[in-house]
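Results of the structural survey
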Amino acid sequence: MSTETNNEPNNLNFNIDLETLEQENELLRRSLAHLKSELEKYKNPPLLVAEVKKVVGDKAILKLSNNHSFLVNVSSAMQGKIEPGDSVLSEQKSLTILDKLEKVKHFETHNFVVIEKPTISWSNIGGMDKEKQEIKEVIELPLKKPELFKEVGITPPKGILLHGPPGCGKTMLAKAVANSTNTTFIEVVGSELVQKFIGEGAKLVKELFELARENSPAIIFIDEVDALGAERMDIGTSGEREVQRTFMQLLAEIDGFKPLGDVKIIAATNRLDILDSALLRPGRLDRLIEVGLPNETTRKEIFNIYLKNMNTKNINLSKLVQLTEGFSGAEIKAVCTEAGYFAIRNDRKEVRQRDFIEAITKVKQNEDEDKSYISMFG
Ligand SMILES: Nc1ncnc2c1ncn2[C@@H]1O[C@H](COP(=O)(O)OP(=O)(O)OP(=O)(O)O)[C@@H](O)[C@H]1O
Ligand SMILES: [Mg+2]
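Residues numbered from 1 in each chain as written. Chains lettered and ligands numbered in written order. Predicted model: local features only at pLDDT ≥ 70, side-chain atom pairs only at ≥ 80, totals over all residues.

Next up on the list: the site of ligand 1. Around ligand 1, a shell composed of 18 residues is seen, among which Pro166, Gly169, Lys170, Gly329 and Ala330 lie nearest. Only helix 5 (170-180), helix 9 (296-307) and helix 11 (329-345) provide two or more residues apiece to the shell around ligand 1. Residue contributions to the shell around ligand 1 reach at least three from each of two domains, namely domain 2 (109-290) and domain 3 (296-377). (Near = placed C-beta within 6 Å. Helix = DSSP H or I, 4+ residues; strand = E, 2+ residues; numbered from the N terminus. Domains from an automatic or database assignment.)

Right, dumping it as structure tokens:
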């Protein structure tokens, strides 16, 4: 690199350069400070939602969602701005009131639940006759023929717990029974329920059941219920206590002061092993239905469902059924789609046996990769 030796640096230019650099420096300093404060925000624990009971001078009495009350400080920004009945956000440890929530009578239940009338019918689900039968008995029959249960003198179960590996039809079964009974289908995901503001989970569960009663007959489908009710070693952090409270509220709703009537609960999990046994006690979700990997008959019927719409030639179905031992329903569907792609890549309009064989190898390979990824990072 050459340096300017014969020309004296122009003083004016030098000053201008210095000025821009200083400006730039200031800009970077500010952006650094901003990023640091953003980072701090993420490091901070989430805020608690609580209710103001009383304002006492520059302090306030706060009621938490577990019904305990505390005398707490009010941040200077909030002085004079809160009154009894307000919902406020508190710092987690000191409970200092930091902010006020807009007054809402109803939480936005609609934002986190999916309400629909599903279109999946029993015939869209291949095989699984035993599982279908059981769900029909527990959910469909009591909704369709309540008088039968009155006459016999028994109360049907409040709900069921579907458990088993991913992609084996739990969600499909829940939707099909909602469809066949023509009920409102309200779907929530356990992990989403607890990732909301601390203090809201329990309230949301309460509103969920209210919503179901208002729209009954209804089925509440709680997917990933293990996110709410996992057996916990210790409930040390307040985040876990919050999950616990949400779970308690769920149990309370199931036990219910108010009869559930035409509201049925279907919960689903991949992790029965970690599920809190309190949920499974008699009178709660005491009907467990295992939705396991499809057996030969079911695999054959799942293939038939997807093959029906495909343009195939010379397919040896029993061979495919044999080769897909250990595959989930979702994977069998993936095999059919992949097989179609192999045909397209080969400029054919009809799908042949070897396309399916290649597809099976590919789907199996993907699954193996997922497994090794999970064992490395999961
Ligand atoms: N018996 C079956 N008949 C037809 N398709 C099936 C069957 N089982 C699974 N599938 C296919 O797999 C997909 C996934 O099924 P579903 O969502 O019901 O699985 P799941 O058990 O709820 O899985 P997860 O535990 O991951 O939520 C379905 O959308 C469907 O395409
Ligand atoms: Mg599912």
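Having seen it, we continue.
A few words now on the sheet that holds strand 9 (residues 218-223). If you walk across this open sheet you meet the six strands as 6-8-9-10-7-11, and the pairing is mixed. At either margin of the open sheet sits one strand with a lone partner, and together these are strand 6 (114-116) and strand 11 (287-290). Averaged over all pairs of adjacent strands, the angle between strand axes in this sheet comes to 20 degrees, irrespective of strand direction. In this sheet, strand 10 (residues 263-269) lies alongside strand 7 (residues 159-163) in parallel orientation, the contact comprising five bridges. Bridge pairing in strand 10 links His163 to Thr269. Sheet strands touched by helix 3 (residues 129-144): strand 7, strand 9, strand 10 and strand 11. Its angle to strand 11, the strand with the most contacts, is close to 145 degrees. (Pairing = 2+ DSSP bridges. Axes fitted to C-alpha atoms, helices over the stretch in contact; angles between N-to-C directions. Contact = placed C-beta atoms within 7 Å.)

Before going further, it helps to examine the sheet that holds strand 2 (residues 59-63). Taken together, five strands build an open sheet; the order of strands is 3-2-1-4-5 and the sheet is antiparallel. With partners counted over all chains shown, the strands left at the sheet margins are strand 3 (69-73) and strand 5 (97-100), one partner each. The sheet shows a mean angle of 50 degrees between the axes of neighbouring strands, direction not considered. Pairing analysis gives five bridges linking strand 1 (residues 48-56) to strand 2, with the strands arranged antiparallel. When the bridges of strand 2 are listed, Val56 appears paired with Lys59.

A few words now on the nonpolar core. Ile186, Ile219 and Ile220 are the most contacted members of the largest nonpolar core, which totals 49 residues. Counting residues in each nonpolar core, the second largest holds 16 residues, with Ile302, Leu320, Phe327 and Ala343 among its members. (Core = buried A, V, L, I, M, F, W, Y, C linked by C-beta atoms within 7 Å. Buried ≥ 20, exposed ≤ 12 C-beta atoms within 10 Å, placed from the backbone.)

Helix length check: helix 9, at twelve residues, gives a terminal C-alpha distance of 16 Å against a target of 16 Å (1.5 Å per residue), a fit within 8%. When we look at burial in helix 9, the residues that qualify are Thr298, Arg299, Ile302 and Phe303. Considered in projection along helix 9, the buried side chains sweep an arc of 140 degrees and stay on one side of the axis. (Expected span 1.5 Å × (residues − 1). Arc of directions from axis to C-beta.)

This next bit is on helix 3. Look at helix 3: only 20 Å from first C-alpha to last across 16 residues, short of the 22 Å you get at 1.5 Å a residue. Along its length, helix 3 shows its largest kink, about 40 degrees, at Lys136. If you check which residues of helix 3 are buried, you get Glu131, Ile135, Val138, Ile139, Pro142 and Leu143. Residues of helix 3 that are buried sit in contact with helix 4 (146-152), strand 7, helix 5, strand 9, strand 10 and strand 11. (Bend = angle between axes of the 7 residues up to and from the residue.)

A word on the packing of helix 9 against helix 11. Remark: helix 9 packs on helix 11, axes separated minimally by 10 Å, with the N-to-C direction vectors making an angle of 40 degrees. The angle between helix 9 and helix 11 falls in the class oblique. Of the two elements, helix 9 crosses helix 11, and the hand of that crossing is right-handed. Where helix 9 approaches helix 11, its residues Arg299, Ile302, Phe303, Tyr306 and Leu307 are matched on the opposing element by Gly329, Ile332, Lys333 and Cys336. For the contact of helix 9 with helix 11, the class distribution of residues is six nonpolar, one polar and two charged. (Parallel < 35°, antiparallel > 145°, perpendicular 65-115°, else oblique. Left-handed = near helix turned anticlockwise from the far one by under 90°. Nonpolar A, V, L, I, M, F, W, Y, C, P; charged D, E, K, R; others polar.)

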